[in-house]
Amino acid sequence: MLGITEAIESPEFSSVTAVLGSQMSKTDGVILNSIGHTLDEQPKPCLYIGPTRKLVESISKSRFMAMVHAVPGLMAGLAVGKACTVTEKFVNGVRLGFGWAGSATELSSHPAARVYIDERDRMGHDVQGEGDVNTLAEARTSTY
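First things first, this report covers the structure right here in the doc. Since we're looking at a predicted model, the values are computed, not measured. (Residues numbered from 1 in each chain as written. Predicted model: local features only at pLDDT ≥ 70, side-chain atom pairs only at ≥ 80, totals over all residues. Heavy atoms only, no water.)

We now examine unusual backbone geometry. Although it is not a glycine, Q23 sits at a positive phi angle of roughly 55°. For Q23, the position within the fold is in the loop between helix 1 (2–9) and helix 2 (26–41). Non-glycine residue S25 carries a positive phi angle of around 80°. (Helix = DSSP H or I, 4+ residues; strand = E, 2+ residues; numbered from the N terminus.)

Turning to the pattern of salt bridges, a few remarks are in order. As enumerated under the stated definition, the model contains five salt bridges in all. Linking R114 and E9 is a salt bridge whose minimum nitrogen-to-oxygen distance equals 3.1 Å. Here R114, found in strand 4 (residues 114–117), pairs with E9, found in helix 1; they are 105 residues apart in sequence, far enough to count as distant. (Salt bridge = Lys/Arg side-chain N within 4 Å of Asp/Glu carboxyl O.)

For the rest of this paragraph, the subject is the pairing of strand 1 (residues 46–50). Most of strand 1 sits inside the fold, with five of its five residues counted as buried. Residues C46, Y48 and G50 point to one face of strand 1 and L47 and I49 to the other, with burial holding for every one of them. Of the strand pairs in this sheet, strand 1 and strand 3 (residues 94–100) are connected by five bridges, and their pairing is parallel. Its bridge partner being in strand 3, I49 is matched across the sheet by G99. In this sheet, strand 4 lies alongside strand 1 in parallel orientation, the contact comprising four bridges. Bridge pairing in strand 4 places C46 opposite R114. (Buried < 20%, exposed > 50% of the residue type's maximum accessible area, 1.4 Å probe, protein only. Pairing = 2+ DSSP bridges.)

For helix 3 (residues 53–70), spanning 18 residues, the distance from its first C-alpha to its last is 25 Å, which sits close to the expected 26 Å at 1.5 Å a residue. Regarding helix 3, the residues found buried are V56, I59, S60, F64, M65, M67 and V68. Residues of helix 3 that are buried make contact with helix 2, strand 1, helix 4 (72–77), strand 2 (88–91) and strand 3. (Expected span 1.5 Å × (residues − 1). Contact = heavy atoms within 4.5 Å.)

That is the geometry; function is a separate question.
Next up, the structure:
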């Protein structure tokens, strides 16, 4: 996972693709750690995209929040109240959105410096007539 994480953090790359088997630590060990690092050390808007609403909500509520509670800089920077929902969190003054492949609105509403697509192979190729998930993700970063 170290090489993937280093590539994500390197300004040399604008995109990183990793092909891994199931349960190999890509969500927690790579994606959530990279999101946490970004929000804690160099805050800029991020977007996490998963295949289904149910999975995305589960990751937002349990795995992401467990990380926030374990990292003092994230916990101290977490907005509370209405500013923090299942699909949208504000940490250290920047937005972290949680979207899923079936929702064009969630994938096209906000610009992001970094977009993380998890379980890409479980997503369709077209998001409600809006285009490919990868294309929508690229559009989020180009408008940032």
